[in-house]
Amino acid sequence: EPGAPRGEIRALARTAAGTVWVGAQSPARIWRRDSADDAFRAMALPPDIDAVRAIAADERTLWVGTASGLFVRTGEGPWRRYGVPEGLPGQDVRALFLGPGGTVWIGTSQGLATWRDEAVATLWTGDEVHAIEASTEGTVFVATEHQGLRAWREGALRATTPPWSFDPTVLALLRAPDGALLVGTGQGLVMRRAGTFELVVPGAALPSARVLALATDHEGNTWLGTDAGGLVLLPAKTMFRTWTPPL
């Protein structure tokens, strides 16, 4: 469609009111589509934004994770930039998660931080953070490059014990409609439900073993974005048992 987002899309977000935000990496661009609109609108960006990697948004504020830091804008006000000098553990922001109470969780190339009341605080350093998601009980889970899936509990980022310890790469997270946590790894799709983990789609059953992105649709189907293997549909009726998709 005319004006539709183009390029290498790394960032997607949707607000409760139905506004969709899309971010492209190179060149850095952002588009907005409100629920009443029939087209996307490109947004003017500061010249120092480099490679949009993540977006979080509510009805007032937009947070944009880029290779050159975190950019925040409320309403039609000015952009504010946060980087290592302002408290981030790394300049390259890879993931954003809008938590309760106005806290935004930030994953960077060097660790985990939060943004709240226009201030940034580093919580943990030591690895790349690819994704952040919360469980129904309020635990915040963090996907890392080399240290697997970790959970923020009692003021510390603690290791979990899922069954893919042979491959510590966790790349994507998504809370399913029924509350299960879906985990995209370097070896397929894992599900955490009621505190236990199950490998529901092994990497060998996918066109590419690395699951980079996860999303659900209005029918309850799950979509997997893979590394060099395209998009895979996991129908809702097969979601909670081990399934081998057709190749």
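Here's what I pulled together on the structure shown here. The shown structure was predicted, so the numbers you read here are calculated from the model rather than taken from an experiment.

With that out of the way, let us pick up the overall build of the protein chain. The helix and strand tally for the protein chain stands at zero helices and 23 strands. Against the globule reference of 18 Å for 247 residues, the protein chain gives a C-alpha radius of gyration of 18 Å, in line with a compact fold. Overall, the C-alpha framework of the protein chain stretches about 50 × 45 × 30 Å when taken along its three principal axes. Relative to its 247 residues, the protein chain shows a buried fraction of 50%. Of the contacts formed within the protein chain by residues at least 6 apart in sequence, a portion of 35% connects residues at least 24 apart. By element, 50% of the accessible surface of the protein chain is carried by carbon and sulfur atoms, the whole surface being about 11700 Å². Positive and negative side-chain charges of the protein chain, numbering 23 and 26 respectively, have mean locations separated by a distance of 1 Å.

The full count for this structure, using the stated rule, is 13 salt bridges. Here Arg73 and Glu76 are joined by a salt bridge, their closest N and O atoms 3.6 Å apart. Overall, the relative accessible area of 17% leaves Arg73 in the buried class. With a closest N to O distance of 3.5 Å, Glu118 and Arg80 form a salt bridge. Note that Glu118 is positioned in the loop between strand S11 (111–116) and strand S12 (119–125) and Arg80 in strand S8 (residues 80–82), a separation of 38 residues in sequence.

Under the defined criterion, the tally for this structure stands at two aromatic pairs. With centroids separated by 5.4 Å and ring planes inclined at 75°, the aromatic side chains of Trp63 and Trp115 adopt a geometry described as edge-to-face. Pair noted here: Trp63 is in strand S6 (residues 61–66) and Trp115 is in strand S11, with a separation of 52 residues, a long-range link. Summarising the aromatic geometry, the rings of Trp105 and Trp152 are spaced 6.1 Å apart at their centres and angled 70° between planes, so their arrangement reads as edge-to-face.

Let's shift gears to the sheet that holds strand S13 (residues 129–134). Pairing is antiparallel in the open sheet, where four strands are placed in the order S13-S14-S15-S16. In the strand order of this sheet, the two ends are held by S13 and strand S16 (156–159), each with one partner. Pairs of neighbouring strands in the sheet enclose a mean axial angle of 30°, with direction left out of account. Sheet topology note: the strand S14 (residues 140–144)/strand S15 (residues 149–153) ladder contains four bridges and is antiparallel. By the bridge assignment for S15, Val140 is matched with Trp152.

Cut-offs applied
Residues numbered from 1 in each chain as written. Predicted model: local features only at pLDDT ≥ 70, side-chain atom pairs only at ≥ 80, totals over all residues. Heavy atoms only, no water. Helix = DSSP H or I, 4+ residues; strand = E, 2+ residues; numbered from the N terminus. Rg over C-alpha atoms; globule rule 2.2 N^0.38 Å. Buried < 20%, exposed > 50% of the residue type's maximum accessible area, 1.4 Å probe, protein only. Contact = heavy atoms within 4.5 Å. Areas by Shrake-Rupley, 256 points an atom, 1.4 Å probe, with all protein chains shown as cover. Lys, Arg positive; Asp, Glu negative; His and termini not counted. Charge placed at Lys NZ, Arg CZ, Asp CG, Glu CD. Salt bridge = Lys/Arg side-chain N within 4 Å of Asp/Glu carboxyl O. Phe/Tyr/Trp six-rings, centres within 6.5 Å; stacked < 30°, edge-to-face > 60°. Pairing = 2+ DSSP bridges. Axes fitted to C-alpha atoms, helices over the stretch in contact; angles between N-to-C directions.

Any functional reading would require information beyond the geometric quantities listed.
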